[in-house]
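Coordinates in review
Next come the chains, spelled out residue by residue.
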Amino acid sequence: MGWFVREGSSSSWKVGWTERTLASLSFPPLPLLAIVGIVVVLLSVSSYANYRSHMHQTKIAFKIFLLFLPLLLILLANSVAKYGTVLVISPRTKREYSSEGGKNNNSPWGVAMLLVLLMLLISYKSYFHSKWWPPIWGSY
């Protein structure tokens, strides 16, 4: 068993491998640190440019969503007022068509409200344009 456990009077064999490894470590050379630093800076600049372009596209998509949000809210409010709940559009069956008996349930008020909304948006076009779209045309 002498080959498994080191025998000797010196206490250097009692020092663990981690202590010996940590004691033998040295600081990396400065040129290597400089190259790693340059690579890190270039990668961060590249990722910042991608981040900036992605954020610009996200802003545009959010502004388009805000453009159509009033129409969505009007349709939602109309559905709640008319049916008492949010209407889920599903395909109609033949039985539903035949049970209606040719009744015309269409109301001109929805079309009138849409026309009023469009006329309002057209009359205040410059205001909406200046509020919603300046970052698209300006520099980023």
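Source: prediction; values computed, not measured.

1. Observations regarding the overall build of the protein
Each helix and strand counted, the protein has 6 helices and 0 strands in total. Start at the N end of the protein and walk to the C end: the helices and strands fall as α-α-α-α-α-α. In the protein, which comprises 140 residues, the share counted as buried stands at 4%. Of the roughly 12,900 Å² that the protein leaves accessible, carbon and sulfur atoms contribute 70%.

2. Observations concerning helix α4 (residues 108-123)
Owing to its 3.6 residues per turn, the α-helix aligns residues three or four sequence positions apart on the same side. In this model, α4 (16 residues) spans 22 Å end to end at C-alpha, consistent with the 22 Å of a helix rising 1.5 Å per residue. Little of α4 sits inside the fold, with 1 of its 16 residues counted as buried.

3. Examining the UniProt feature "transmembrane region" (unreviewed entry) in the protein
In the numbering used here, UniProt assigns the feature "transmembrane region" (unreviewed entry) to residues 30-48, 60-81 and 107-124. Secondary structure across residues 30-48 divides into 100% helix and 0% strand, with the first and last C-alpha atoms of the span separated by 27 Å. Here residues 60-81 runs as 100% helix and 0% strand, with 32 Å between its end C-alpha atoms.

4. Quick look at helix α2 (residues 30-83)
The end-to-end C-alpha distance of α2, which contains 54 residues, comes to 74 Å, matching closely the 80 Å that a straight helix rising 1.5 Å per residue would cover. Considering bend angle alone, the principal kink of α2 is centred on F68 and spans about 35 degrees; proline P70 follows within four residues of it.

5. Overview of the packing of aromatic side chains
A full pass over the atoms with the stated rule returns 2 aromatic pairs. Ring geometry for Y48 and Y51: centres 6.2 Å apart, planes at 35 degrees, overall tilted. Of this pair, Y48 and Y51 both sit in helix α2, 3 residues apart, roughly one helical turn. For Y51, a relative accessible area of 49% puts it in the partly exposed group.

6. Considerations on the confidence of the model for the protein
Of all residues in the protein, 69% have pLDDT values of 70 or greater, and the mean over the chain is 76. Looking over the protein, one finds the lowest element-wise mean pLDDT in helix α6 (residues 134-137), namely 57, and the highest in α2, namely 88.

7. Some remarks on a nonpolar patch on the surface
On the surface, I64, L67, F68, L71, L75, V111, L114, L115, L118, L121 and I122 cluster together into a nonpolar patch covering about 970 Å² of accessible area. Counting residues per element, the ones that place at least two in the nonpolar patch are α2 and α4. Mapping L118 onto the fold places it in helix α4. Given the relative accessible area of 41%, L118 is considered partly exposed.

Rules used throughout
Residues numbered from 1 in each chain as written. Predicted model: local features only at pLDDT ≥ 70, side-chain atom pairs only at ≥ 80, totals over all residues. Heavy atoms only, no water. Helix = DSSP H or I, 4+ residues; strand = E, 2+ residues; numbered from the N terminus. Buried < 20%, exposed > 50% of the residue type's maximum accessible area, 1.4 Å probe, protein only. Areas by Shrake-Rupley, 256 points an atom, 1.4 Å probe, with all protein chains shown as cover. Expected span 1.5 Å × (residues − 1). UniProt positions renumbered as here; feature names shortened; annotations may be inferred. Bend = angle between axes of the 7 residues up to and from the residue. Phe/Tyr/Trp six-rings, centres within 6.5 Å; stacked < 30°, edge-to-face > 60°. pLDDT = per-residue confidence, 0-100. Patch = residues over 30% accessible without salt bridge, like charges linked within 9 Å, V, L, I, M, F, W, Y side chains within 5 Å. Salt bridge = Lys/Arg side-chain N within 4 Å of Asp/Glu carboxyl O.

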